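Coordinate analysis (summary)
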Amino acid sequence: VQIACDFAKSVPGRLAGAVRVVATQGGDQAFVLAQAGAAGEEIVGDILTDRDPYRPGDTVHLRVIARQRTSDPRGRLRSVAGQSMACRVTDAQGQEQEHFEGRLSPYGTLVHDVALPRDAATGSWAVECRLPAGDESPVLSHRFRVAEYRAPEIEVKVRAPEGTRYAREAATAR
C-alpha cells in the first residue's frame, strides 16, 4: 500500500486547506479529506430568519447563533460571547447589498434587521457571517428567498350558537 498526502488547494469552501490522503494499492485508490486547521477553531451555529419568502420592501429579521467547538474528545461547545462578527448580505445576482458588524451577546447571538429595497432582485439571497470579523472565509451561511407574491385572501364567516359553552362541551357552528 502506497500512501500520499497533500493539501487540497482546489477544494472550495469550508474544506479549503484540508489535507488529502490517498492510498493506492495496485490499480485501486481511496482518498479522504481531513481538516488541517488548528484544533478548537471550528465555529458552529446557524443564521435564522423569521420567515420565507420575503417580498421586495420587506424587512428580514436575522438572528445569528454562534459557538466554538473545543478540541477535546467530546467536542464540547464554548461561548464566543463578546467577539465581533462581520456579516454580508448578497442578492440573487451575487451583488453585496449590505455589510454589518456586531458584537455577539452574552448568549453568543447577534440580531440584525435587513430592509430589502422596494426594487429588490427576486431569487435566492444569501447571508454569510465570519468570526473573527477580519477573517475572509464564511463561517456561517443562510439563504432566503425574495419573491413577488400575493398572499391568498380567504373570508370565513362562522355563527356560533348562543349561550355559554364550557371546555370539552360539544357545539355546532354554521
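A brief structural summary. None of these values were measured; they are calculated from a predicted model. (Residues numbered from 1 in each chain as written. Predicted model: local features only at pLDDT ≥ 70, side-chain atom pairs only at ≥ 80, totals over all residues. Heavy atoms only, no water.)

**Observations concerning the environment of Pro53**
Inclusion rule: In this text, helices come from DSSP runs of H or I with a minimum length of four residues, and strands from runs of E with a minimum of two, each type numbered from the N-terminal end. We call two residues in contact whenever any of their non-hydrogen atoms come within 4.5 Å of each other.
Mapped onto the secondary structure, Pro53 falls in the loop between strand 4 (43–49) and strand 5 (59–69). Separated by 91 residues in sequence, Pro53 and Phe144 place their C-alpha atoms 6.6 Å apart. Apart from residues no more than four positions distant in its own chain, Pro53 is found in contact with Arg145, Ala147 and Tyr149.

**Comments concerning the pattern of salt bridges**
Basically, it comes down to this: The term salt bridge refers to a side-chain nitrogen of Lys or Arg lying within 4 Å of a carboxyl oxygen of Asp or Glu. Burial status follows relative accessibility: with a 1.4 Å probe on protein chains alone, a residue under 20% of its type maximum counts as buried, one over 50% as exposed, and anything between as partly exposed.
All told, the structure shown has six salt bridges when counted by the stated rule. With a closest N to O distance of 3.3 Å, Glu128 and Arg88 form a salt bridge. With Glu128 in strand 10 (residues 123–130) and Arg88 in strand 7 (residues 84–90), the pair connects residues that are 40 residues apart, well separated along the chain. Residue classification places Arg88 among the partly exposed positions, given a relative accessible area of 27%. Between Arg165 and Glu169 there is a salt bridge, with the nearest N and O atoms lying 3.4 Å from each other. Residue Arg165 is classed as partly exposed on the basis of its relative accessible area, which comes to 41%. With relative accessibility at 37%, the residue Glu169 sits in the partly exposed group.

**Let's talk about the state of the cysteines**
Heads up, the rule is: Disulfide: a pair of cysteine sulfur atoms within 2.5 Å of each other.
Going through the model one piece at a time under the given rule, you end up with one disulfide. The residue that forms a disulfide with Cys87 is Cys129, at a sulfur-sulfur distance of 2.1 Å. Note on the Cys87 and Cys129 pair: the S-S dihedral is about 110°, so by sign convention the disulfide is right-handed. With Cys87 in strand 7 and Cys129 in strand 10, the pair connects residues that are 42 residues apart, well separated along the chain. No difference in accessibility class separates Cys87 from Cys129, as the two residues are buried.

**Digging into the sheet that holds strand 8 (residues 96–103)**
Quick note on the threshold: Two strands qualify as a pair provided that DSSP identifies no fewer than 2 bridges between them. An axis is simply a line fitted to the C-alpha atoms; with a helix, the fit covers only the stretch in contact. Between two such axes, the angle follows the N-to-C directions and lies from 0 to 180 degrees.
Read across the sheet, four strands follow the order 8-7-10-11 without closing on themselves; strand pairing throughout is antiparallel. Two strands lie at the open edges of the sheet, namely strand 8 and strand 11 (140–146), each paired on one side alone. Pairs of neighbouring strands in the sheet enclose a mean axial angle of 20°, with direction left out of account. The sheet contact formed by strand 7 and strand 10 spans five bridges and is antiparallel. Paired with Val89 across the strands is Val127, a residue of strand 10.

**Looking at the packing of aromatic side chains**
Under the convention used in this document: The rule is short: rings of Phe, Tyr and Trp, with Trp giving its six-membered ring, pair when the centres are within 6.5 Å, and they are stacked under 30 degrees, edge-to-face over 60, tilted in between.
Enumeration over the complete set of coordinates arrives at two aromatic pairs. When the ring of Tyr54 is compared with that of Phe144, the centres are 5.6 Å apart and the planes differ by 80°; the resulting orientation is edge-to-face. With Tyr54 in the loop between strand 4 and strand 5 and Phe144 in strand 11, the pair connects residues that are 90 residues apart, well separated along the chain. Summarising the aromatic geometry, the rings of Trp125 and Phe144 are spaced 6.1 Å apart at their centres and angled 35° between planes, so their arrangement reads as tilted. Here Phe144 lies in strand 11 and Trp125 lies in strand 10, a separation of 19 residues in the sequence.

**Observations regarding unusual backbone geometry**
Look at the link from Asp52 to Pro53: it is a cis peptide, with omega at 5°. Of note, the phi angle at Arg168 is positive, near 70°, even though the residue is not glycine. Secondary-structure assignment places Arg168 in the segment after strand 11. The exposed category is assigned to Arg168, whose relative accessible area is 88%.

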